[in-house]
Amino acid sequence: MSSFKKRTSLNQPKLPPGSRLSAHNGQLLTSTGVPSFDDVLGGGLPIGSVLMIKEDKHTDYAQVLLKYFLAQGVASKHAILLASADEDPQKFIDSLPDFGGDKKEETEQKEKETAEGNEEKMTIAWRYQNLPKLNVSAAGLSNFKKSAMPTVGETASIYCHSFDLTKRMSELSLDTATKHLIDMDKWEDEEDCKKLINEIRAQIENGFSASSTPSSGTRNILRVGIHSFASIFWKHKNEQQIFKFLHALRGLLRFSFGVCVLTVPAHLYSTEGGDSGFIRKLEHMCDAVVEIESFAGSEKLANFSSDYHGFFHVRKLPVLNAIVSSSAKLSILQSSHSTTNNLAFKLRRKRFTIETFHLPIEGGVGERRTSSKDEGDKKKEPSKFKKGPKIGCGSMPGRKDPLEF
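Residues numbered from 1 in each chain as written. Predicted model: local features only at pLDDT ≥ 70, side-chain atom pairs only at ≥ 80, totals over all residues. Heavy atoms only, no water.

Visitor: Pulling in residues and values, what's your account of the overall build of the chain?
Guide: For the chain, the count of helices and strands is 10 helices and 14 strands. By the burial criterion, 44% of the 405 residues in the chain qualify as buried. Pairs at least 24 residues apart make up 76% of the contacts formed inside the chain by residues separated by at least 6 positions. (Helix = DSSP H or I, 4+ residues; strand = E, 2+ residues; numbered from the N terminus. Buried < 20%, exposed > 50% of the residue type's maximum accessible area, 1.4 Å probe, protein only. Contact = heavy atoms within 4.5 Å.)

Visitor: Go over the sheet that holds strand E1 (residues 19-21) with me, naming the residues and quoting the values.
Guide: Reading across the sheet, the 3 strands line up as E1-E2-E3 and stay open at both edges, with antiparallel pairing between neighbours. The two strands at the open ends of the sheet, each matched to only one other strand, are E1 and strand E3 (45-46). (Pairing = 2+ DSSP bridges.)

Visitor: Kindly report on the packing of helix H6 (residues 192-205) against helix H7 (residues 239-254), identifying the contributing residues and their values.
Guide: One can describe the packing of H6 onto H7 by two numbers: an axis separation of 10 Å at closest approach and a directional angle of 5°. Put simply, H6 runs roughly parallel to H7. Along its contact with H6, which presents Cys 193, Leu 196, Ile 197, Ile 200, Arg 201 and Ile 204, the element H7 presents Gln 241, Ile 242, Phe 245, Ala 248, Leu 249, Leu 252 and Leu 253. Here the contact of H6 with H7 is composed, by residue class, of 11 nonpolar, 1 polar and 1 charged. (Axes fitted to C-alpha atoms, helices over the stretch in contact; angles between N-to-C directions. Parallel < 35°, antiparallel > 145°, perpendicular 65-115°, else oblique. Nonpolar A, V, L, I, M, F, W, Y, C, P; charged D, E, K, R; others polar.)

Visitor: How would you summarise the packing of aromatic side chains if you had to cite specific residues and measurements?
Guide: Summed over all chains, the structure comprises 13 aromatic pairs. Taking the centre distance of 5.0 Å and the plane angle of 80° together, the rings of Phe 229 and Trp 234 count as edge-to-face. We note that Phe 229, like Trp 234, is buried. Aromatic side chains Trp 234 and Phe 245 sit 6.4 Å apart centroid to centroid with 70° between the ring planes, which places their arrangement in the edge-to-face category. With a gap of 11 residues between them, Trp 234 in the loop between strand E9 (222-227) and H7 and Phe 245 in helix H7 connect regions that are remote in the sequence. For the residue pair Trp 234 and Phe 245, the accessibility class agrees, reading buried in each case. Through successive ring pairs, a cluster of aromatic residues spans Phe 295, Tyr 308, Phe 311 and Phe 357. Across from the ring centre of Tyr 159, 4.0 Å away, lies the NZ or CZ of Arg 20, which sits over that ring. (Phe/Tyr/Trp six-rings, centres within 6.5 Å; stacked < 30°, edge-to-face > 60°. Lys NZ or Arg CZ within 6 Å of the ring centre and 35° of its normal.)

Visitor: Provide a residue-level description of the side chain of Glu 283, including the pertinent values.
Guide: Mapped onto the elements, Glu 283 comes out in helix H8 (residues 277-284). Using a relative accessible area of 17% as the deciding quantity, one classes Glu 283 as buried.

Visitor: I'd like a rundown of the nonpolar core, residues and numbers included.
Guide: If you look at the biggest cluster of nonpolar residues, it comprises 45 residues, and the most contacted ones within it are Phe 37, Leu 70, Phe 312 and Ile 354. Considering every element that reaches this core, the biggest residue donor is helix H2 (residues 61-75), with 11 residues. Beyond its immediate sequence surroundings of up to four residues, Phe 37 is in contact with Thr 32, Leu 51, Leu 65, Val 290, Phe 312 and Ile 354. Cys 260, Val 264, Leu 282 and Cys 286 belong to the second-largest nonpolar core, a separate cluster that totals 38 residues. (Core = buried A, V, L, I, M, F, W, Y, C linked by side-chain atoms within 4.5 Å.)

Visitor: Quick one: what's the story with the pairing of strand E12 (residues 310-316), residue by residue and with numbers?
Guide: Of all the 7 residues making up E12, 5 are buried; the element is thus mostly covered by neighbouring parts of the structure. Bridge count for strand E11 (residues 288-294) against E12 is 6 bridges, and the pairing is antiparallel. Within the sheet, the bridge partner assigned to Glu 291 lies in E12 and is His 313. With 2 bridges connecting them, E12 and strand E13 (residues 343-347) associate as antiparallel partners. When the sheet's bridge partners are listed, Phe 311 is paired in E13 with Ala 344.

Visitor: Quick rundown of the sheet that holds E13? Include the residues and the values.
Guide: Pairing in this open sheet of 9 strands is mixed, and the strands run E8-E5-E9-E10-E4-E11-E12-E13-E14 from one edge to the other. The open sheet has two edge strands with one neighbour each: strand E8 (179-183) and strand E14 (352-356). The mean inter-strand angle of the sheet, taken between neighbouring strand axes irrespective of direction, is 20°. Across the sheet, H7 touches strand E4 (50-54), E9 and strand E10 (258-264), and the angle it forms with E10 is around 155°.

Visitor: How would you explain the confidence of the model for the chain if you had to name every residue and give the values?
Guide: Detailed reading of the predicted coordinates is not advisable wherever pLDDT is low. Of all residues in the chain, 67% attain a pLDDT of 70 or more, and the chain-wide mean is 78. Within the model, the stretch residues 136-156 combines pLDDT values under 50 with 54 contacts to residues more than four positions away or in other chains. Throughout residues 363-372 the model reports pLDDT below 50, and contacts reaching past four residues in sequence, or to other chains, amount to 12 contacts. (pLDDT = per-residue confidence, 0-100.)

Visitor: Can you explain the packing of H7 against H8? Please cite residues and give values.
Guide: Two elements in contact, H7 and H8, have axes separated by 10 Å at closest approach and are oriented at 10°. Between H7 and H8, the angle falls in the class roughly parallel. Listed contacts from H8 to Glu 239, Ile 242, Phe 243, Leu 246 and Arg 250 of H7 are Phe 278, Lys 281, Leu 282 and His 284. Residues belonging to the contact of H7 with H8 are distributed by class as follows: 5 nonpolar, 1 polar and 3 charged.

Visitor: Can you explain the side chain of Ser 256? Please cite residues and give values.
Guide: With respect to the helices, strands and loops of the structure, Ser 256 is situated in the loop between H7 and E10. Classification of Ser 256 by relative accessible area gives buried; the value is 6%. For Ser 256, the side chain forms a polar contact with the main-chain oxygen of Leu 253, separated by 3.2 Å. The residues touching Ser 256, leaving out its near neighbours within four places in the chain, are Ile 47, Ile 204, Phe 208, Ser 209 and Ala 210. (Polar contact = N/O pair within 3.5 Å; in protein donor to acceptor, adjacent residues only side chain to side chain.)

Written as structure tokens, this is what we have:
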């Protein structure tokens, strides 16, 4: 009799809800709530990692990503821990986006985007037509490569939900969620970092440690959100306390079913030459770092505001249990170019999306414009410039210019 047994999904341990395995390194992943953001990270945020989002100076787009992260936790029935010294955590939780609209509304949105895409093909430059785009189905699932979606041992729950920024999550959903809110503004002494790490440690030891066995038999995930980490409202004696906190946080999450997303007001520590040494040290102590650069308040980037709302810079990608990040093989948005900083984001009326950045059409129209000298000649000699068929460079009368966009 053979001692080998066929591996089936029945004898495999069940994964926590709202998670899946990475095909690149077998790492357990969970969604950030934004399908395009999951794609940039290589399929999702690895469990046991820390993601740092550098806030923009003029806008709060980083807080929108944090709300997506927490809303995805509520939808997946994950435990939530939110800490903030700048804003009331309860008000922040109450402003989470609600689940996506009905099928009719999503169908209309999809038809509208298809029409816009067909119109864009007629006007966009030819070199940008073949850039990959990340589509989202009605269920809110992104079209990741099939190799990144193993099914062995996975649950039937939705990995990434669809959210509507125009609606607020219902009180019933928030009341039934397992959440622990920490208002650090009420702490009087200068031990914010020490107190917060003790709170996180207590939550992890309460059923989210990798060495502990849950009573229900099914593991769950703890989502830790830190709003405006190391802002001016944080009470700490020196920078060493900040570094010790991050070092202890990574040590706790590495041996637990927990994941952390923190936003940092990096502009408070920036210098004329760029980020200060303090911010670079924070980036070194985090597993993944992204930066939001909004076009608001920038005169140089004002021409791009019609198509995008800002740049999405990837400063550091998570590399756990591997040498190369999984996004190098599994990402769709980053498969067409060698650099990871060729991304931009849009904040539409209902959702946040990340796309491959391309320059707008010169002049903003599809027709070529005459120079100011020619316009002056037209006024002086109107009979010389009679209306007729448009002829571009390399074209002939009666034949359309092949270079005309």
